[in-house]
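Per-entry structural report
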Amino acid sequence: MVTSFIEALSRLPGIELLDGKQAATAYGQDTGGCRRLPAGAIAVNTAGTIREILALANMHKTPLWPISGGRNFGYGTSLPVDSRSFILDLSRLRGVQIDADSCTALIEPGVTQADLHAAIERSGVRLLVPTTGVGPNGSILGNALDGGYGLTPVADHFEAVCEFEGFWGNGTPFRHVYQEMACSEMAKRWTQGIGASWAGLLRQGSFGVVTRARVQLARVPEATRILVFEWKSDEALEASQAALSALTEDIPGIGGIIMMNDARVLSTQLDAPLASPLKGDARVAYLSQLARERKVSPWTGLGTLYGSRDAVAGSVRDVRRRLKHCTVWSFSPAQIRLLQKTLHHLPKWGFSALRRHFGSLVNTLGTVEGYPIVAFLKIAYALDPSVKTLTVAAHPAKDGVGILWYAPLLPFTAGDVKRYRRVMSDCLGTNGFDPLLAVTSRSSRALSGTIPILFDRSNPVEVERAHHCYRELVKVGLANGWPPYRIGVNYMDLVACRADSSNAKLQRLLKQALDGNGIVASGRYAHQSPEAGLARQALSDVLAPVDH
Ligand SMILES: Cc1cc2nc3c(=O)[nH]c(=O)nc-3n(C[C@H](O)[C@H](O)[C@H](O)COP(=O)(O)OP(=O)(O)OC[C@H]3O[C@@H](n4cnc5c(N)ncnc54)[C@H](O)[C@@H]3O)c2cc1C
């Protein structure tokens, strides 16, 4: 089957074809040490060929794993769930057009944060790039389709996409309903369209390939502020949660607030304290001592405010007035730029708070001003003392770095934050990993935890230990009622519902209708293993009643 698929593809212009061995070299490295190598890869040079590739894949019953950037670090990088898949690499498609009137960008899959930033600059319109920690080379579309988020005004990047264009797995095209009604201007401005909306099927879905999308971009607001929070104890952090949740609801211009423990802050510092060879209790004591010496608070928060001048100034006052148990610092971009120029002229004996937050402030400036920076990738290199500053060429997977992201959702309550801290620290500690904890506000009701598992990818024992720890974290999180918002290709089984559950049945029905041959993203967020072949089972079976 694979041989005949390759033969058929080899006659297709506008692509570069890689066999299994070549694909393993080009796409095989994963920061998580996953070895789900693809059967081959198709790098697409012209968007026009995608329809034909899909037709051939259907004819030869060969699954495709679409990637837009292939930088899904911590979640599988470029690798598929199902090793029978050919990677469909769309990263070479980098067309981008800014529409000044609607403040949107029409993008092809390979458009990166840097491409979008350059296009915005060229257009002269003052718009923000929806940046993430992955930096300038991160794909805008790939991040959105995997449910990614940032600290920008539209934090959830999938929600910023107002139009999708592409093909369901069976080759049927899709586009916004208002395009088909010849009301294209409203398609740019009204994501929902009219009637039932199918766009949600593309979020973490396995039904279609997106070939073009339109992204709504936030205008550069009149004013922005960066907030820094410091909590002197775990208890103080917990006591602030109710007020933070209420503030998140009351202040429309507040972006996500990320709250990090001291070990997490140390993990981003230039001299790589986590590279210490110490283990166990000695390591815990060393990191606590270091945090005290460097005056890193037990918990540090970073937040952003966007809006009109008076709204932002009032919001800063409201945050200070209502948030007890912590110190709040507020900086405008102009102040940070001034600090950049003057910090080394300030006397060495003072300004310690400014000095310890200076790096984060400069990095967050990129977020509020909407340009991508590479510095947030530093955490991936935290075990390597030789890495000081990163260039845009940084690629954690190809650089041999070991990082897995565990990202559970939890209720925005003091009790859950307290339990999260204890439960996750225990699980990480038992497995011999540093508790690099953070929670970010995703709404006034939900927090998203992010925990990196950092490990030596060149050591198979360490890789195994990291995989084991990841599974333990997911299980212990689920046992506490905290499901991941996103998960890596190696761990889909951990979030799969039973094959006879209502969600699994619906997924099979949709798969049957839109991608009957199981071509697109086989196994991605699947409620059953792809090899089971149940996607092809008769509809009557699927519809049969279930005993409860
Ligand atoms: C240090 C560090 C910091 C990070 N910070 C962040 C962060 O702040 N926010 C965040 O969200 N993530 C973050 N990440 C995780 C990840 O690297 C990013 O989310 C990254 O943007 C995902 O890779 P990509 O954009 O290249 O997507 P891709 O790998 O191209 O796509 C992701 C998935 O989406 C699907 N897909 C992609 N394109 C298509 C298409 N055209 N049609 C159909 N399906 C498609 C595929 O299944 C694919 O596996 C971080 C990682 C690291 C190591």
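Overview of the structure. As the structure is a computational prediction, the values presented were derived from the model and not from experiment.

Right, let's talk about the sheet that holds strand β15 (residues 409–411) for a bit. Think of a sheet as strands paired side by side through backbone hydrogen bonds, with each pair either parallel or antiparallel. Ordered in space as β13-β10-β12-β11-β16-β17-β15, the seven strands form an open sheet in which the pairing is antiparallel. Across the chains shown, the open sheet's two edge strands, defined by having one partner strand only, are β13 (327–331) and β15. Strand-to-strand twist in this sheet, taken as the mean axis angle between neighbours without regard to direction, amounts to 25°. Packing of helix α11 (residues 309–322) onto the sheet brings it into contact with β10 (223–231), β12 (299–307) and β13, and relative to β10 it is tilted by some 10°. Together, β10 and β13 form the strand contacts of helix α12 (residues 333–342), whose direction differs from that of β13 by roughly 85°.

Time to look at the pairing of β12. The buried fraction of β12 is high, at eight of nine residues. Pairing of β10 with β12, which is carried by nine bridges, proceeds in the antiparallel orientation. Looking at the pairing, phenylalanine 229 lines up with glycine 301 of β12. With four bridges joining them, strand β11 (residues 258–261) and β12 adopt antiparallel strand pairing. Pairing of isoleucine 258 across the sheet is with leucine 302, part of β12.

A word on the pairing of strand β4 (residues 86–89). The side-chain alternation of β4 yields two buried faces, one formed by Phe86 and Leu88 and the other by Ile87 and Asp89. The pairing of strand β3 (residues 64–67) with β4 spans four bridges and is classified as parallel. For isoleucine 67, the partnering residue across the bridge sits in β4 and is aspartate 89.

Formed by 84 residues in total, the largest nonpolar core has its most connected members in Ile42, Leu64 and Ile453. Excluding anything up to four places from it in sequence, leucine 64 contacts Phe5, Ile42, Ile53, Leu54, Ala57, Ser85, Phe86, Leu88, Ile519, Val520, Ala521 and Ser522. Grouped together as the second largest cluster of nonpolar side chains are 48 residues, Ala218, Ile226, Tyr306 and Leu361 included.

Conventions adopted
- Residues numbered from 1 in each chain as written.
- Predicted model: local features only at pLDDT ≥ 70, side-chain atom pairs only at ≥ 80, totals over all residues.
- Heavy atoms only, no water.
- Pairing = 2+ DSSP bridges.
- Helix = DSSP H or I, 4+ residues; strand = E, 2+ residues; numbered from the N terminus.
- Axes fitted to C-alpha atoms, helices over the stretch in contact; angles between N-to-C directions.
- Contact = heavy atoms within 4.5 Å.
- Buried < 20%, exposed > 50% of the residue type's maximum accessible area, 1.4 Å probe, protein only.
- Core = buried A, V, L, I, M, F, W, Y, C linked by side-chain atoms within 4.5 Å.

Any functional reading would require information beyond the geometric quantities listed.
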